[in-house]
Amino acid sequence: MNRQPDFAAADHAQLVELRDRLREAEETLEAIRNGEVDAVVVGGPAGQQVYTLENADRPYRVLIEQMQEGAVTLSEHGLMLYCNQRFATLVGAERESLIGEPIERFVVSTETSAFHRLMDSGRGARRSAEFMLQAADGSRVPVNVSIADLKVDAQMPRVLCGVVTDLTHSRERSHELAAANMQLASEIDERRRAEDGLQLALDAADMGNWELNLVNDVVTRSARYDQIFGYTAGERTWEWPTMLSQFLPDDREAVDVEFARAKRTGFIDFERRIRRVSDEAIRWVQIKGRTYYQDGKPVRIAGVISDVTDRRHVEEQLRQAQKMEAIGQLTGGIAHDFNNLLMVVGGSLDMLDQRIEKDEKTARYLAAARQGVERGARLNQQLLAFSRRQDLRVEAVCIEDLIGTFENLLDRAVGETITVHIERAPELWYCRTDPHQLETAILNLAINARDAMPQGGAITLRTRILQLDAQGAATSGAAAGDYVVVSLSDTGMGMPPDVVDRVFEPFFTTKDVGKGTGLGLSQVYGFARQSGGFVNIESQPGSGTTVFIHLPRTARPVAVETATHSTAEIKGKGVVLVVEDDNDVRAVASSLLENLGYSVLEAETGSDAMRLIERGGRIDLIFTDVIMPGDMNGIDLVRELKARHATIPVLLTSGYTAQRIASEELVKDLQLLRKPYNQVELSLAVRMVMNDRA
Amino acid sequence: MNDANRSVAAAEDSEEPTTGEYNLRLYVAGQTPKSLAAIANLKNLCEKHLSGRYTIEVVDLLVTPQLAAGDQIVALPTLVRRLPPPLKRVIGDLSNTERVLVGLDIRPKLASTT
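Residues numbered from 1 in each chain as written. Chains lettered and ligands numbered in written order. Predicted model: local features only at pLDDT ≥ 70, side-chain atom pairs only at ≥ 80, totals over all residues. Heavy atoms only, no water.

Colleague: Honestly, the overall build of chain B in this entry has me stumped. Any pointers?
Modeller: Along its length, chain B carries three helices and five strands. Ordered by position from N to C terminus, the α and β elements of chain B give α-β-α-β-β-β-β-α. Across the 114 residues of chain B, 38% fall into the buried class. The long-range share in chain B, meaning contacts at least 24 apart out of those at least 6 apart in sequence, stands at 63%. A total accessible area of about 6,100 Å² is found for chain B, and carbon and sulfur atoms account for 55% of it. (Helix = DSSP H or I, 4+ residues; strand = E, 2+ residues; numbered from the N terminus. Buried < 20%, exposed > 50% of the residue type's maximum accessible area, 1.4 Å probe, protein only. Contact = heavy atoms within 4.5 Å. Areas by Shrake-Rupley, 256 points an atom, 1.4 Å probe, with all protein chains shown as cover.)

Colleague: Explain the packing of helix α13 (residues 435-452) of chain A against helix α16 (residues 520-530) of chain A here, please?
Modeller: For any two helices packed against each other, one specifies the inter-axial angle together with the distance between the axes. Residue and element names in this part refer to chain A. Contact geometry for α13 and α16: axes closest at 9 Å, N-to-C directions at 145°. In the packing of α13 onto α16, the handedness of the crossing is left-handed. Here α13 contributes Gln 437, Leu 438, Thr 440, Ala 441, Asn 444, Leu 445 and Asn 448 to the contact with α16, which in turn contributes Gly 520, Leu 521, Gln 523, Val 524 and Phe 527. Each residue belonging to the contact of α13 with α16 can be placed in one class, and the counts come to six nonpolar, six polar and no charged. (Axes fitted to C-alpha atoms, helices over the stretch in contact; angles between N-to-C directions. Left-handed = near helix turned anticlockwise from the far one by under 90°. Nonpolar A, V, L, I, M, F, W, Y, C, P; charged D, E, K, R; others polar.)

Colleague: So what exactly am I meant to see when it comes to the state of the cysteines here?
Modeller: What we call a disulfide is simply a covalent bond connecting the sulfur atoms of a pair of cysteines. Residues and elements named next belong to chain A. Tallied over the entire structure, the rule returns zero disulfides over all chains. The thiol of Cys 431 is not disulfide-bonded; the next cysteine sulfur, from Cys 398, is found 8.1 Å away. For Cys 431, a relative accessible area of 0% gives the class buried. (Disulfide = S-S within 2.5 Å.)

Colleague: How should I be thinking about the packing of helix α12 (residues 399-414) of chain A against α13 of chain A in this particular structure?
Modeller: All names here are of chain A. Contact geometry for α12 and α13: axes closest at 10 Å, N-to-C directions at 35°. In this structure, the crossing between α12 and α13 has a hand that is right-handed. When α12 is examined against α13, the residues Ile 399, Leu 402, Thr 405, Phe 406, Leu 409, Leu 410, Ala 413 and Val 414 are found in contact with a partner set consisting of Pro 435, Leu 438, Glu 439, Ile 442, Leu 443, Ala 446 and Arg 450.

Colleague: Where do I start with the interface of chain A and chain B in this structure?
Modeller: Note: interface size is frequently given as the accessible area lost on complex formation between the parts. Contact residues are listed per partner, giving 22 residues for chain A and 26 residues for chain B. Where chain A abuts chain B, roughly 2,100 Å² becomes buried across the two surfaces, and 57% of that area is made up of carbon and sulfur atoms. Where chain A meets chain B, there are two salt bridges. Between Arg 99 of chain B and Glu 36 of chain A there is a salt bridge, with the nearest N and O atoms lying 3.3 Å from each other. In this structure, the connection of chain A to chain B is made through seven residue pairs in polar contact (both at pLDDT 80 or more). Contributions of two or more residues to the side of chain A that touches chain B are made by α1 (9-33), β1 (39-44), β2 (47-52) and α2 (58-66) of chain A. In terms of residue count, the dominant contributor to the side of chain A that touches chain B is α1 of chain A (eight residues). For the side of chain A that touches chain B, a count of residues per class yields 10 nonpolar, five polar and seven charged. Sheet topology note: the β1 of chain A/strand β3 (residues 75-76) of chain B ladder contains two bridges and is antiparallel. When the sheet's bridge partners are listed, Val 40 of chain A is paired in β3 of chain B with Ala 75 of chain B. (Buried area = accessible area lost by both parts, 1.4 Å probe. Salt bridge = Lys/Arg side-chain N within 4 Å of Asp/Glu carboxyl O. Polar contact = N/O pair within 3.5 Å; in protein donor to acceptor, adjacent residues only side chain to side chain. Pairing = 2+ DSSP bridges.)

Colleague: Please explain empty space enclosed by the protein as it appears in this structure.
Modeller: If a probe the size of a water molecule is rolled over the atoms, the empty space left behind becomes visible. Residue and element names in this part refer to chain A. Counted under the stated rule, the structure contains one cavity of 30 Å³ or more. Volume-wise, the largest cavity comes out at about 30 Å³. Lining the largest cavity are Phe 87, Ile 103, Val 107, Phe 115, Leu 133, Val 145 and Val 164. Tallied by class, residues from the lining of the largest cavity come to seven nonpolar, no polar and no charged. (1 Å grid on protein atoms, 1.4 Å probe; cavity = no way out; pocket = protein on both sides within 12 Å on 5 of 7 lines; lining within 4 Å. Points joined across faces, edges and corners; volume = space filled by probe spheres on them.)

Colleague: Teacher, can you tell me more about the side chain of Asn 444 of chain A here?
Modeller: Residue and element names in this part refer to chain A. Relative to the helices and strands, Asn 444 resides in helix α13. Taking relative accessible area as the criterion, Asn 444 reaches 12% and is therefore assigned buried. With residues near it in sequence (within four places) discarded, Asn 444 still touches Gln 382, Gly 520, Gln 523 and Val 524.

Colleague: Looking at this structure, I do not really get a nonpolar patch on the surface. What am I missing?
Modeller: Residue and element names in this part refer to chain A. A cluster of nonpolar side chains, Leu 330, Ile 334, Phe 338 and Leu 341, forms an exposed patch at the surface whose accessible area comes to about 390 Å². Checked against the element boundaries, Ile 334 lands in helix α10 (residues 309-355). Judged by its relative accessible area of 48%, Ile 334 falls in the partly exposed class. (Patch = residues over 30% accessible without salt bridge, like charges linked within 9 Å, V, L, I, M, F, W, Y side chains within 5 Å.)

Colleague: Just checking my understanding: could you explain the environment of Phe 386 of chain A for this structure?
Modeller: Residues and elements named next belong to chain A. Relative to the assigned elements, Phe 386 resides in helix α11 (residues 360-386). Taking the C-alpha atoms as reference, Phe 386 lies 6.5 Å from Phe 527; in sequence the two are 141 residues apart. Apart from the residues within four sequence positions on either side, Phe 386 is in contact with Met 324, Ile 327, Gly 328, Thr 331, Phe 504, Pro 506, Ser 522, Tyr 525 and Gly 526.

Colleague: Help me understand helix α19 (residues 634-644) of chain A, please; the structure alone is not making it clear to me.
Modeller: Because each turn of an α-helix spans 3.6 residues, side chains separated by three or four positions end up pointing in the same direction. Residues and elements named next belong to chain A. Within the span of α19, buried status applies to Gly 634, Ile 635, Leu 637, Val 638 and Leu 641. Angular distribution of buried residues about the axis of α19 spans 155°; they occupy a single face of the element. One side-chain oxygen at the N-terminal end of α19 lies 3.0 Å from the backbone nitrogen of Ile 635; it belongs to Asn 633. (Arc of directions from axis to C-beta.)

By themselves, these figures tell us nothing about what the structure is for.
This is the structure:
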């Protein structure tokens, strides 16, 4: 490198610098020569000045040429000195033909004066206004014209420059926007109508609506929602924990679970209890709704709410009524079979009584056995009363006429520690019922009242009238109309609700074992239903019990037929055909009849009986059971006989003398002997039927 | 530290010196085509070869013509290397990258003129 070591270091550095400066100068010249620069700096009296070479302003030119706004330069008098391609396109003319033309040519005639004002006003100030351009082909283009004075040089005449913006597109956008606005407005209107409709439906259904926002936990509610929970209007907004706290403590967990599940399943539907704020009442509410999702995540649950307490109450009553009906069917069936058994036992006892030698002991045994049969029969009567299959001797009865009997009954039943009040009715009301069954019912109630007041108290018997409208009747399972209400109140210990719910069930008792049969109130219930009325009960622990017997009111007193009862058997003669499906009962009935002096023919079924009759032998009486299996029961048999052998008298017998039999016109005037019967009763019935026919 | 110094020394032997900040000034004349090209080319070149160690100052002599005197500018565009010293000048639109790199002493000249 250093080929000349004797050169001074300074001289070498100078050389290098000079060489570099030379190179720079050469490069500068080279660059200018090659056209690599497009401006030069020139010194002058006013200092440094920059001169750009020709075409150096090309970027500006291109910018103006190609921009999307029209651009023009105008002389003071509005002649176009220059215009860009865009302006030429706007007015639909060749660019070349426009230079030197007055721009007014393209402004609609009504706006030319305004355009002049725009050009003249305030020299040097920037200004703009909207105009309508008229293109060469006559079409119109809305534009914004912005004008400014163009000051290039002091020596130059006054020149204006203008920028013309096509507003067609923006006007279209405005129109689209306006149309979209209208559309939106009408949709909002539609939506509001739909909401109004929905609100109407909710109001009609007595429903409130709610929405739980799962993001911030806030609950939105309608006025009806608050009403259901017992709030007055204008409650603050609240969150999920508050909503949950309005349910009973026992139900909260279940409610929480339901809502958690709704987040997964998308639906919610449950019934739970709340405590209403206004009166502390416990109410059942039904909540129904659905979950709304966003990006797969649950964001809100919305739905309706209604108070279903009354509906549940009615459902509960219906369930209870159905249960009672089912129990009635069951007990009725049992009682029927039981009556047949008692018939066999009682009949056999009657025959034993006649056949054996009786010492004192045997007589006592027989009496005890017969007493047992009688008690069984009474019990059975109560069962049948409950199942509404007993024989009701319905008459028009004035309760007032029975008050005397009731008074005796009550005094005897309740003892000395209990006072009996009787509130007499202000009028004479008649109702259709069986007075004997009513007596039994009052007696049953009195016994219950006595047992409820071991320390003494008071019993009040009251009679009043009640008008039941269709709705009230429906909840009681009866027909609308007037009812005579006989009520019996005590001042006893009362009953809790769960006991009240069950008191009418047969064999339900709160009394000690052996003290009650559990059939007392069942008899009251069955008797009232069978009379076309109903019973209800009011009771609270510590404040006594009142039972109301509702009996349909009637206006027509019917003459009461009094029957005389004889206690001695009457023997007779003749051929009796006994029709009975139960072998034991048939045997007993035949024996009893034979004891009474009759000849007996037996048939197991209605068809067998018909065949015997068809054979034409002598038959003076047909004694037939009503309910028999097979294709011909007692009623069918009677119908056949009426058609062919109307002369033969018939005596019916049944374990339960259902009303449905009595309702048949055909058997209205036939005698019916209730099982179990003894020899005396049988003899009287047979005698009466045969005499009637004779 | 020693290791770091060694690696820096090694780098100096290679074609790109790694020490020092490049302070560059580009003189232009408004938005002439060459001026616009020069700005774009310079930005591109610096990012490629001087990434992170340069500053560029663009001086428009149409706005401030008096600044031309300081760096003795005669034609535009002109690029001046103000740091590191000594002052270097490259004239033109900087489209010839090789010439710019040499002119700015970023890359040593391959053949001596003398």
